[in-house]
Amino acid sequence: MTLAQDRESYGGMAVVRRVANLRQQVAGWRRAGERVGVVPTMGALHAGHMSLVEAARRDCARVIATIFVNPKQFNRPDDLTGYPRDEAGDADKLAAAGVDVLFAPPVEEVYPPGFQTRVSVPELSNCLCGLTRPGHMDGVATVVTKLFLMTGAERAYFGEKDFQQLLIVKRLARDLDVPVEVVPVETVRDGDGLALSSRNALLTPSQRAEAPVIYRTLTAMAAKLAAADSDAAAVLGWGRSELLAAGIEKLDYLELRAADDLQELPRPDRPARLFVAGWMGGVRLIDNVAVPLGR
Ligand code: PAF
């Protein structure tokens, strides 16, 4: 495929699949002095993703959205094959939101034969989702590093819902001197508090009705910790029982950790967050909230 052929158009938005073509496009914007932002995604876009796009549009003259279902961050083959995909629907949403380029490369463009490099941020990865999904965080770090280098964007937008991922991405950009500013964007929630996720669509109606217990419990725990400056163990025990009594079948973790380095904390005596991952049927849901500093 020539560079000229690698350019479909979607209501004013270009769809680009090859890195060389993307770089050519970005070089033109840079020459014109335009700031470029990137919103990396795996598609199946919902309002949470679109809030990242809106933040990028506010800050940047040009916005690239990427859609790449990254095989290296899936530790279960069935999770990768079952991951929701709807490129045409996603392209409609991105074009309507004013995205300039959708970069949607095929797997071999990102991982050509013989690919062996891995980016790893071990201390931030050896807990929470990094423990329960072995290899996941290295897969994320590797592909995000590649997307930063491929797009050459000056700003990159990531949701706080994947807070551990956000910290890892910030750290790799700092450690590897990637000239990108990582911009955090607040979690978007449904009216009942459930954090938006592509996986919510897999819940049955009764699971969906019960799922808001996750955010309800986290916010109640955060308030207890802030009010009493208490030992986290009792509050975590209370939270576990609440969740398991209200439709969460299994917890991968429910933990209090520092908001900067993810150290586990016995009490919230520095900026902290509560993190949870739990299962409803075959669906794994994650969330996190900030804990206000105690008295
Ligand atoms: O959060 C996601 O959708 C993915 O982990 C990301 C950042 C696009 C990397 O594949």
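Up top is the structure these notes are about.
Details of the packing of helix α11 (residues 213-228) against helix α12 (residues 232-245)
In the contact formed by α11 and α12, the axes pass within 10 Å of each other and the chain directions differ by 160°. Taken together, the axes of α11 and α12 lie roughly antiparallel to each other. For the crossing formed where α11 meets α12, the hand is right-handed. In this structure, α11 contributes V213, I214, T217, A220, M221, K224 and L225 to the contact, and α12 contributes A232, V235, L236, W238, G239, E242 and L243. Taken together, the residues of the contact of α11 with α12 sort by class into 10 nonpolar, 2 polar and 2 charged.

Describing the sheet that holds strand β3 (residues 36-41)
Strands belonging to one sheet form pairs held by backbone hydrogen bonds; the direction of such a pair is parallel or antiparallel. Across the sheet, 7 strands lie side by side as β1-β2-β5-β4-β3-β6-β7; this open sheet has mixed pairing. Edge positions in the open sheet fall to β1 (8-10) and β7 (181-185), since each of these has one partner strand only. Taking the axes of each pair of neighbouring strands and ignoring which way they run, one obtains an average angle of 25° across the sheet. The pairing of strand β6 (residues 155-159) with β7 spans 5 bridges and is parallel. Counted as the bridge partner of F158 is P184 from β7. Sheet strands touched by helix α1 (residues 19-31): β2 (13-16), β3, β4 (62-67) and β5 (101-103). Its angle to β5, the strand with the most contacts, is close to 150°.

Thoughts on helix α9 (residues 163-175)
With 13 residues, α9 should cover 18 Å at 1.5 Å per step; its first-to-last C-alpha distance of 18 Å lies within 8% of that length. Phi turns positive one or two residues past the end of α9, at D177, with a value near 55°.

Considerations on α12
Along its 14 residues, α12 runs 20 Å from first to last C-alpha, staying within 8% of the 20 Å computed at 1.5 Å per residue. Residues A232, V235, L236, G239 and L243 constitute the buried set of α12. One side of α12 holds all its buried residues, which, seen down the axis, span an arc of 100°. Exposed and oriented more than 90 degrees from the buried face of α12 are A233, A234 and A245. Structurally, α12 contributes buried residues whose contacts are with α11, β8 (250-258) and β9 (272-280). Looking one or two places after α12, you find G247, whose phi comes out positive at around 105°.

Considerations on the packing of helix α8 (residues 136-151) against α9
Where α8 meets α9, the closest approach of the two axes is 10 Å, and the angle between their N-to-C directions is 50°. Classed by the angle they form, the pair α8 and α9 counts as oblique. In terms of crossing hand, the pair formed by α8 and α9 is right-handed. Residues M137, V140, A141, V144, T145 and F148 of α8 touch α9, and the partners they reach there are Q164, Q165, I168, V169, L172 and A173. In the contact of α8 with α9, the residues fall into 9 nonpolar, 3 polar and no charged.

Parameters and conventions
- Residues numbered from 1 in each chain as written.
- Predicted model: local features only at pLDDT ≥ 70, side-chain atom pairs only at ≥ 80, totals over all residues.
- Heavy atoms only, no water.
- Axes fitted to C-alpha atoms, helices over the stretch in contact; angles between N-to-C directions.
- Helix = DSSP H or I, 4+ residues; strand = E, 2+ residues; numbered from the N terminus.
- Parallel < 35°, antiparallel > 145°, perpendicular 65-115°, else oblique.
- Left-handed = near helix turned anticlockwise from the far one by under 90°.
- Contact = heavy atoms within 4.5 Å.
- Nonpolar A, V, L, I, M, F, W, Y, C, P; charged D, E, K, R; others polar.
- Pairing = 2+ DSSP bridges.
- Expected span 1.5 Å × (residues − 1).
- Buried < 20%, exposed > 50% of the residue type's maximum accessible area, 1.4 Å probe, protein only.
- Arc of directions from axis to C-beta.

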